[in-house]
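# Results of the structural survey
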Amino acid sequence: MQPVDSHLFLIVGAALFSIGLAVVLLKRHAIVVLMGIELMLNGVNVNLVAFSQYDPDRLQGQMLALFVMVVAAAESAVALAIVLQVYRHFRTAQLDELNELKQ
Amino acid sequence: MIQLAFYAFASLSLVGALAVLFTRNVLYAAFFLLLTLLGVAGLFVLASADFLAIAQIMIYVGGVLVLVIFGVMLTHKPEAPNDVNSQQPNRIASLNRAGGWSGWVLAGLVASGLFSALFTLLMRANFALLNQPVGWKSTVNTIGKQLMTEYIVPFEIAGILLLAALVGATYLASPLAKSFRNATR
C-alpha cells in the first residue's frame, strides 16, 4: 500500500486549524464558536496521526489523539450545558450581547 | 487510487470547514461540521489509523455533533428580530464599531497569516522521520496493549474526567439547578 506523502497531511491539518481559528474569531453565536474549537482540535489530531504512522510500535501520536478526542467530548458537553444556562438566563446565545455578569 | 481518495477526503473536510466559516445558519454549520468530521475520519484511515477513524465517527459524529445539534435547537429563537443576522461577523473588541467588514478582514488576516506561516514552515522543514518507509497494519491490537500498559494512568484519569463531565453537564443543564442553588443558600 503506497502511503500518501505526509506533508499533505500536515498541510491539511494546518488549513483545518486556521479555518477553525477564523471561525472562533469571526462568529458571534456561542455554539458556532464551539464548532470552531472542534475544527481546531481536528486539525491537531490530523497532525498527530500523520506523524504517528511512522511509529507503529508505540503509536504515541494516536494515543494522544485518542485522549484529545475524550477531552473534546467532555469539553463540548460541559460547554453546551453552560451555553444552555446562559440562554435561559439572558434569552440569547450571541456572545456580543452578554456584557453583564448579573441581570 | 490512494492519492485520489486522499484528495477526495481532504477536499471534503476543507470544503466543510470553509462552509462552516461562511454559512449564516447555525444548523447548516452543524451539518457542514458533519462533512468535515467524516472527511477527517477518512484521512485517519489513509494515515493507517483505523481505530481512530472509527472512534472519530463514533465520538464526534455520534456524540459531539448530536449534542451540538441539540444545543442549536434548544437555543434557537425564531421570533427574535436579530436572529436573521445572527451569523453576522463578530465584533472584535473595540476595533469594529463601524461595521462588520473589519472583523472579517482582521480574522482573515490572522488566519491566513497563520496558515501561510505554517505552510512555508512545512515546505521548508525536512523531517527525518518522514523519509522512513511505512507499512500498513491494523492498530487495534497496539492501541489495546498501550492502553492497558503504558497509558493506564491517563486511561483511568480520562474515565474519571468523563464521569465528572457528564455529572456536571447534567447538573448544569437541568432547569432545577438554579432553584436548587437558591434554596440551599
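Source: prediction; values computed, not measured.

### Considering unusual backbone geometry
Residue and element names in this part refer to chain A. A positive phi angle, near 55 degrees, is found at Leu-59, a position not held by glycine. As for its placement among the helices and strands, Leu-59 is situated in the loop between helix H2 (30-52) and helix H3 (60-90). For Leu-59, a relative accessible area of 2% translates into the label buried. Backbone geometry places Arg-91, a non-glycine residue, at a positive phi of 60 degrees. Within the secondary structure layout, Arg-91 lies in the segment after H3. The exposure class of Arg-91 is partly exposed, given its relative accessible area of 46%.

### Digging into the interface of chain B and chain A
Each partner contributes residues to the interface: chain B has 90 residues there, and chain A has 73 residues. Of the roughly 7,500 Å² buried between chain B and chain A on both sides combined, carbon and sulfur atoms contribute 75%. Taken together, the links from chain B to chain A amount to 1 salt bridge. In this structure, Glu-150 of chain B engages Arg-58 of chain A in a salt bridge whose closest nitrogen and oxygen atoms are separated by 2.3 Å. At the boundary of chain B with chain A, the tally comes to 7 residue pairs in polar contact (both at pLDDT 80 or more). Elements with a contribution of two residues or more to the side of chain B that touches chain A: helix H1 (2-22), helix H2 (26-46), helix H3 (50-74), helix H4 (101-124), helix H5 (140-148), helix H6 (152-173) and helix H7 (176-184) of chain B. Grouping the amino acids of the side of chain B that touches chain A by side-chain chemistry returns 63 nonpolar, 21 polar and 6 charged.

### Concerning the pattern of salt bridges
Two side chains carrying opposite charge are able to pair once their charged atoms lie near each other. All names here are of chain A. Going through the model one piece at a time under the given rule, you end up with 2 salt bridges over all chains. With a shortest N-O distance of 3.9 Å, Arg-28 and Asp-96 are connected by a salt bridge. Here Arg-28, found in the loop between helix H1 (6-26) and H2, pairs with Asp-96, found in the segment after H3; they are 68 residues apart in sequence, far enough to count as distant.

### Observations regarding the layout of surface pockets
There is about 200 Å³ of room inside the second largest pocket. Around the second largest pocket, the lining is made up of 14 residues, and of these Ile-19 and Ala-22 of chain A together with Leu-21, Ala-111 and Ser-112 of chain B lie nearest the centre. Counting residues per element, the ones that place at least two in the lining of the second largest pocket are H1 of chain A together with H1 and H4 of chain B. Ranked by residue count, the leading element in the lining of the second largest pocket is H4 of chain B, at 6 residues. Taken together, the residues of the lining of the second largest pocket break down into 11 nonpolar, 3 polar and no charged.

### As for H3 of chain A
All names here are of chain A. Between its first and last C-alpha atoms H3 spans 44 Å; for 31 residues at 1.5 Å apiece the expected length is 45 Å, and the two agree. Across the 31 residues that make up H3, a large majority, 22, are buried. Positive phi appears at Arg-91, one or two residues downstream of H3, with a value of about 60 degrees.

### Section: H2 of chain B
Its 21 residues place the ends of H2 of chain B 31 Å apart at the C-alpha level, agreeing with the 30 Å of an ideal helix rising 1.5 Å per residue. Phi for Ser-48 of chain B, located one or two positions after H2 of chain B, is positive at around 55 degrees.

### Points about the domain arrangement of chain B
Interfaces are frequently sized by the accessible area removed from exposure as the parts join. Under the domain assignment, chain B is made up of domain 1 (1-75) and domain 2 (139-175). Its C-alpha centre places domain 1 of chain B at a distance of 22 Å from the equivalent point of domain 2 of chain B.

### Brief notes about the UniProt feature "transmembrane region" (unreviewed entry) in chain B
All names here are of chain B. Under the present numbering, the feature "transmembrane region" (unreviewed entry) in UniProt falls on residues 29-47, 54-74, 104-130 and 151-173. Between the end C-alpha atoms of residues 54-74 there is a gap of 29 Å, over a span that is 100% helix and 0% strand. The straight-line gap between the two end C-alpha atoms of residues 104-130 is 36 Å; of that span, 78% is helix and 0% is strand.

### Here we look at the UniProt feature "transmembrane region" (unreviewed entry) in chain A
Residue and element names in this part refer to chain A. The positions that UniProt labels "transmembrane region" (unreviewed entry) are, in the present scheme, residues 6-26, 31-51 and 63-84. Structurally, residues 31-51 is divided into 100% helix and 0% strand, and its ends, taken at the C-alpha atoms, are 31 Å apart. Helix makes up 100% of residues 63-84 and strand 0%, with an end-to-end C-alpha separation of 32 Å.

Analysis parameters
- Residues numbered from 1 in each chain as written.
- Chains lettered and ligands numbered in written order.
- Predicted model: local features only at pLDDT ≥ 70, side-chain atom pairs only at ≥ 80, totals over all residues.
- Heavy atoms only, no water.
- Helix = DSSP H or I, 4+ residues; strand = E, 2+ residues; numbered from the N terminus.
- Buried < 20%, exposed > 50% of the residue type's maximum accessible area, 1.4 Å probe, protein only.
- Contact = heavy atoms within 4.5 Å.
- Buried area = accessible area lost by both parts, 1.4 Å probe.
- Salt bridge = Lys/Arg side-chain N within 4 Å of Asp/Glu carboxyl O.
- Polar contact = N/O pair within 3.5 Å; in protein donor to acceptor, adjacent residues only side chain to side chain.
- Nonpolar A, V, L, I, M, F, W, Y, C, P; charged D, E, K, R; others polar.
- 1 Å grid on protein atoms, 1.4 Å probe; cavity = no way out; pocket = protein on both sides within 12 Å on 5 of 7 lines; lining within 4 Å.
- Points joined across faces, edges and corners; volume = space filled by probe spheres on them.
- Expected span 1.5 Å × (residues − 1).
- Domains from an automatic or database assignment.
- UniProt positions renumbered as here; feature names shortened; annotations may be inferred.

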